[in-house]
Each structure stands twice: as structure tokens, then as C-alpha cells.
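The primary structure of each chain is shown beneath.
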Protein chains: 2
Amino acid sequence: MDIGKNIRIKDIAKLAGVSVGTVDRVLHNRGRVSDEALKKVTSVMDQIDYKPNLIARTLGSNKNYKIAALIPDPTVDAYWAQTNLGIIQAQAEWAQYGVTVDTFTFDIFDKNAFIGLAQEVLETAPDGIVMAPIFYHESLPAFELFRDQSIPYVLFNTNIPESQPLGFIGQNLNQSGRVGAELINLGQHESGTFAVLHIDEDVHDSIHLLEKEKGFREYFQEHRKHKFEIVDFILNPNDPSFDNQLEQLLADKTLKGIFVSTSKGTSVAASYLEKHGKRDIRLIGYDLLDENLKFLRSGIIDFLINQNPKRQALLGISHLVNHLMFKKSAPSMELFPLEVITQQNVDSYLGSGIH
Amino acid sequence: MDIGKNIRIKDIAKLAGVSVGTVDRVLHNRGRVSDEALKKVTSVMDQIDYKPNLIARTLGSNKNYKIAALIPDPTVDAYWAQTNLGIIQAQAEWAQYGVTVDTFTFDIFDKNAFIGLAQEVLETAPDGIVMAPIFYHESLPAFELFRDQSIPYVLFNTNIPESQPLGFIGQNLNQSGRVGAELINLGQHESGTFAVLHIDEDVHDSIHLLEKEKGFREYFQEHRKHKFEIVDFILNPNDPSFDNQLEQLLADKTLKGIFVSTSKGTSVAASYLEKHGKRDIRLIGYDLLDENLKFLRSGIIDFLINQNPKRQALLGISHLVNHLMFKKSAPSMELFPLEVITQQNVDSYLGSGIH
DNA sequence: AAATTAAATGTGTGCGTACACATTTTAAAA
DNA sequence: TTTTAAAATGTGTACGCACACATTTAATTT
């Protein structure tokens, strides 16, 4: 049919017996077209399958887009370091298309500084923003500022749907907790105790963590026949009683497994298990951080659930670029698969570029 | 630095004090340039970071690329049906860029017809080819034909590295078998038997399957402390003794788990386990086929390893388009992660568009 | 009917690259 | 030195779209 040449605006104009200008006005409905001409053009449009050449469109406009990325300081946290890698990769990928990405980092212990940073971002007048809104209350006024300037923003890691972002990239946290529960439960036949550990310097994403715990508990309500107790810890490594609390937990002879809700906490828990020689306690945690990988390979950690922070950032930026540059709209919510990482498949994840 | 305008060929020409034509000749080294001019241009190139505008480049050439996809008949096999979905998605994705994908299907039971099909493909004079070379010997002459016409080809599913394709998309099969072994071994404390089942109408990808088995066995050689026996079956559902062989296997009271190496065979084995009420035997299989999902959800299948045929095809075509249209080269081998699918994370895989 | 204004339509140019072709410079032959 | 060929370099155009601007046509007003 359509082999060889593609249909161009010019072709439509010829078929409709009008000029390309008129076709252009119809296509983008910017008025100033007579009913007669409109009818002629739409009639042609109905018969043929016109697909605008996105390449040509983009070449014409040829704007240099500036994107701002707001993330927690990657130098003090391995999780956000991975996020940063995603930003760097996106930067490299889109540089040829004239996209620049400026990263703005904030201190996860200093909520109040956040809004100031948002202001600072605005002063650079970016064309779009990607951010990880880990401070709920402090993010809301930032969103308002962005909307006032009608700067589109994409969220990742944590969703705040009521802010109506252009898009969200992340995971279903409740389901993530369920996966954790499933993995910890696998092949456990005797009764005993499971522990859920939230290890974090701050409670900054407690909603985040509690959502996982909720899913974890739901799973057991639905699936468990035998009697199992779930104990719950919210631990701060800076708390003087931190060591004590953990040691006490490990002293429990009936302890069968530990589910750690944070990526950083995973390796902390693992080092305790290692120190006490508790290789038989199943440990489930989050993310492919170097520390975690070490413990996964040595068998202390049994499973890691991959949140793929790198890819979250990468896709967030791609989402924005597609919107700005190609005027292409992607689904407003992209939920990543809940990847289960084991000793045997971990390398296949590390090897492949995107994942 | 580089904010605002990007460096264009025109800019380089001005800086070097030559014309754009000369710069063009240097960039694409098509000769006809004096040593002096060459030096001037390369000197400028060393100082600045020129990145050609891929959009403009593509617009200029503006060829309509025709890609041929060679796959087994998707109407008779759910696995290849998924592959076909990937091709269809790629088709939709690239249609706007003037790329057409023609699918050529072959009968997996008729090896001899394959070379004829390859000939047929060549007659349509495609600009590139993606194929799943499941017939090793029959594929070799096809590759030769493609190379004679210098038509680039990308392989997926099965690799034939010695044919030096433009790229390969697939998985590490040995490691895949290891993952299967790891999952089957998880939490098994008593001694017993594990079975490896190759269920397939034909032995067409036996190398494929044996590679998985090799990895499976290697894992046990390295990890198992307790005594476990591995039994091995190569089954053909069309064989009259098929039922008997399977029933006999299930009669073994020490049987702890089954690892099925094929996607289709997975649901076949599952239906037997269901029929005999053997819910305690761990079953590991391949791929998110509808049949398999049913058994995974009902708990007959414990784990599925996702080969992601859809994405393999999708990426294979993208690889080719990037090569042809954007002259961008991707890594020549893309090994997908070995995704472990469970009851609890399966929906997160089905939901997300790409995975 | 002529003049004025508004509406409708058409024309032209730039975006950055690649490539064909025209022009200039240099080297070799007469 | 002039002629001729070859090498080097420069110029112009197409690719498809968007948008600014020029031109034409229709509707009002004088």
C-alpha cells in the first residue's frame, strides 16, 4: 500500500486542493480556516492515514531543553547514588538531542532546606523537573510553585498522586511487601517468628516503609496456615539502643526470617547476622547496592527485591523528554516489576545495561 | 559551557576556516581533502565536543526502511505468539519513522522449508533482518546469503556467534539452568530426587535445552551437601509412551521438584501434577504464557523464569533500526536478566508495558 | 462604487545534515 | 607560458514540519 514514500503535509494539501498552510492550520486547529476548506481537508484525513514525521517536527523547533533533577545527596547514600547514575546515563543519552540535565541535591535530614532548593531550581528556569518527593509536606508547596510557572514535573520513587504530576515512575509498595512475605515464607514448615525491620536514620519515608509492611502482613493473613508471629522494629542506627535491640532480636531462637524494608538497612541487618553466625535465618532486603551484593553472594542475604533506582531516574527523564521534545505522551504511571534477585541471577541483572 | 546552542558542522567550518563541505568530508573521511585542511579541522574537533544532530541526519536521508522478521509460526505456539507481540509492538513504535516490519513465519517441524523461506525473504530486499535461528544447520546458509547481499541481521532467542550477527538478544542459558536449580533447591532439607524435563514436540532446540540442564547440574555439583539424585527426561508429547513416562516419574515418592526447560512443557507438567494432586512437588518452568500463569496462580507452578520473548523481539528490531536509521551502534550482545516470577510479583510484570 | 477592514489562504524560510554539483586552486603536461 | 587534467574546496538543495509573514478574497463601511 503505503510502501515507499510516506504521506506528507504537502500531499494532503494537494489531495485536498489547498495549501500546506491551510492543512497546517487544520491539523493544529488554530482557526482561520473556512468551513469549506476544513471539510476538504478532514475528508482527505479520514481517507488516508497521516502520521507526522516526528523527526522533522523536532528538527524544526530545535529547542535546547533544560531539565532539573531533584534528588537526595547521592554522596552519602548508596541508594541515591544509583539514582544519580540513572541521571548521568540519561544525560549522556539525550545530550545529542540538546537536552541538559542539572542535578540539585538536598540533605535528607534537612526538610526545611528543601523548599529553598525548589526555589533555587525555579530560578534556573528549567523546562521540566524530575524529582523524588521524599518529604511529603515540604513537597506540596514546591509543586504549587512548579504549577504556577507551568513547568511539568515527573515524580519517581515516591508517589504523591494528588499533586497530579505529569507522570510517576516507581513500584507498588504494598505488593512489594507481599513479595517479601512470599519469599520469607517459602519452604518454612515449622512455626516461628518473622521480623520486619525498618532501619533508617530518619523516618523520612515512613509512609513508604509502612506500606511495604502492610503488604507483608496482608500476605500472611491470607496465606499462612501454621502459627507465625510477626514482630516489628523501627530502628535508627544512631540510637544508642540500636545494637541492643538487634542483639535481642537475634537471641530469639524461634526467629526464622527477617524482612528489611530499606536498601541501606539490608546490609546493616546482614552484618549482624554474619557477626552472630546466623546463616540459617532467611534475610530479605532491597536493592543491588554494593554492600548488599556482597552479602547476597556470601549467602547471608537470601533475596533482594530490586527497586531499580537507576532505571527509575532514567525513565523519569525520558518521560519528560518525550513530553517536551516529541510531544509524545506516555502512561502517567509506570510501575516497575518487583524483581526478585538471588545469588544465581544477580549477575544477569548487573550485566545488562538498562535493567 | 555549552548552554544554549549546540555546535553544528557550520560552526566547526567557521572555526577551522574552511567550508562545511570540507568538514563533511573530514567527518566522513571520504578523502579529497588537503593535509592542511584536514589538520585544521581535526584540531578544532579535538578542542570541541561535536555531537552530530541525529535528528537532522535522519531527516536528510529519510529512507523508508523495510525489516524482515523470521520467526516460527506464532499461531501454533504460545511462546512464539509472545514474540510476535513484540514484533507488532515494534511495528507500531517505529511506523512513524517510516519503518515497516514484514513477518515471515516457518514451520518448526519442517527444517528443509527454512532455507526456502530465507530465499523468499531476500526477494523482498529488506534493509535488515531479525530472526530466531532455532535450526542451527539450516541457518548457516541463510546467514551466508544475507552476508552476500550485505543485509545486516540480528539474532534473538538462540545465539549463533560464529555467524557474526550485528547483534544478539537473549539470555545466558547455562545461568538460567542455575537459577532453576537454586529455586528448586531453596528450603529443601530432606534428601530426594529432582527431575529435569525437556518436553518438546521436536528436538529442534535441544542444544538450547541441554545448556540449561548443564547449568542446573553444575549448580548442584557446587552447592549441594545432602544427597540428591537428578533424573533426566526427554519427552515428546506425541510419543505414545509420554503419559506412562510422566506417571512413572510422579509415582516416585522421593520426588521433590521438577525443572521443566521449555515454556510449553511447563504447563504440560503442571497439568499432570494437578491431576495427581501433587501440590507439594516444587515446579519450576519458563515464561509467562497464559497456561503457565493459570498454574502459577493456583500454586501448582512455584516459579517461572521469564525469557521475555516479547521484549527480545522488540529490542532486536530496535537494535536494527538504530543501526540502519540512526547509525547508532548498540552492544552486540544484550543478555536479558533472568527474571524470577512468583505468585506475588507476576502482576507487576504483566502490568508494566515493556517488561 | 470605492475604501477599509477582517478573514482566509498561500508563500517562504529555518532547523542541521548529507550529498550532488559548481567553482577554484594546484600540479602536470604541452 | 599556456593548456589540460586533477585535486581541493565551496555552494546549493532536499528532507518534512512549523511558524512568520505576504497576498488574496470576502465582508463592511463610507
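Use the structure listed above.
So, here's what we can say about the structure. Remember, predicted model here, so these are calculated numbers, not experimental data. (Residues numbered from 1 in each chain as written. Chains lettered and ligands numbered in written order. Predicted model: local features only at pLDDT ≥ 70, side-chain atom pairs only at ≥ 80, totals over all residues. Heavy atoms only, no water.)

### Focus on the relation of the copies chain B and chain A
Take chain B, turn it by 180°, move it 0.1 Å along the axis, and it overlays chain A with an RMSD of 0.3 Å. Both copies of the chain, as the preceding transformation shows, are related through a two-fold rotation axis. Here 98% of the interface residues in chain B have copies in chain A that are interface residues too; the copies meet face to matching face. (Least-squares fit on C-alpha atoms with pLDDT ≥ 70 in both. Contact = heavy atoms within 4.5 Å.)

### Describing the packing of helix 11 (residues 263–275) of chain B against helix 12 (residues 290–298) of chain B
Residue and element names in this part refer to chain B. Put simply, helix 11 and helix 12 touch, their axes get as near as 9 Å, and they point 40° apart. Between helix 11 and helix 12, the angle is such that the two are oblique. For the crossing formed where helix 11 meets helix 12, the hand is left-handed. Residues S263, T266, S267, A270, S271 and E274 of helix 11 form the contact with helix 12, whose own contacting residues are E291, N292 and F295. Across the contact of helix 11 with helix 12, the residue classes tally to two nonpolar, five polar and two charged. (Axes fitted to C-alpha atoms, helices over the stretch in contact; angles between N-to-C directions. Helix = DSSP H or I, 4+ residues; strand = E, 2+ residues; numbered from the N terminus. Parallel < 35°, antiparallel > 145°, perpendicular 65-115°, else oblique. Left-handed = near helix turned anticlockwise from the far one by under 90°. Nonpolar A, V, L, I, M, F, W, Y, C, P; charged D, E, K, R; others polar.)

### A short note on the protein's contact with DNA strand D
A:Y50, A:R57, B:S19, B:S34 and B:N62 are the nearest of the 24 residues found near DNA strand D. Of all atoms in DNA strand D that approach within 4 Å of the protein, 72% are sugar or phosphate atoms. Residue A:A56 places a main-chain N or O atom 3.3 Å away from a base nitrogen belonging to DNA strand D. Elements supplying a minimum of two residues to the surface near DNA strand D: helix 4 (54–61) of chain A together with helix 2 (20–27) and helix 4 (54–61) of chain B. The greatest single-element share of the surface near DNA strand D, amounting to four residues, is contributed by helix 2 of chain B. Here the residues of the surface near DNA strand D sort into nine nonpolar, nine polar and six charged. (Near = heavy atom within 4 Å. Polar contact = N/O pair within 3.5 Å; in protein donor to acceptor, adjacent residues only side chain to side chain.)

### Comments concerning the sheet that holds strand 12 (residues 339–341) of chain B
As a general point, the strands of a sheet are linked pairwise by backbone hydrogen bonds and lie either parallel or antiparallel. Residue and element names in this part refer to chain B. With mixed pairing, the six strands of this open sheet are ordered in space as 7-6-8-9-10-12. If you trace the sheet from one side to the other, it starts and ends with strand 7 (228–235) and strand 12, each paired once. Neighbour-to-neighbour, the strand axes of this sheet turn through a mean angle of 20°, independent of strand direction. Taken together, the three bridges between strand 8 (residues 255–260) and strand 9 (residues 282–286) define a ladder with parallel strand orientation. (Pairing = 2+ DSSP bridges.)

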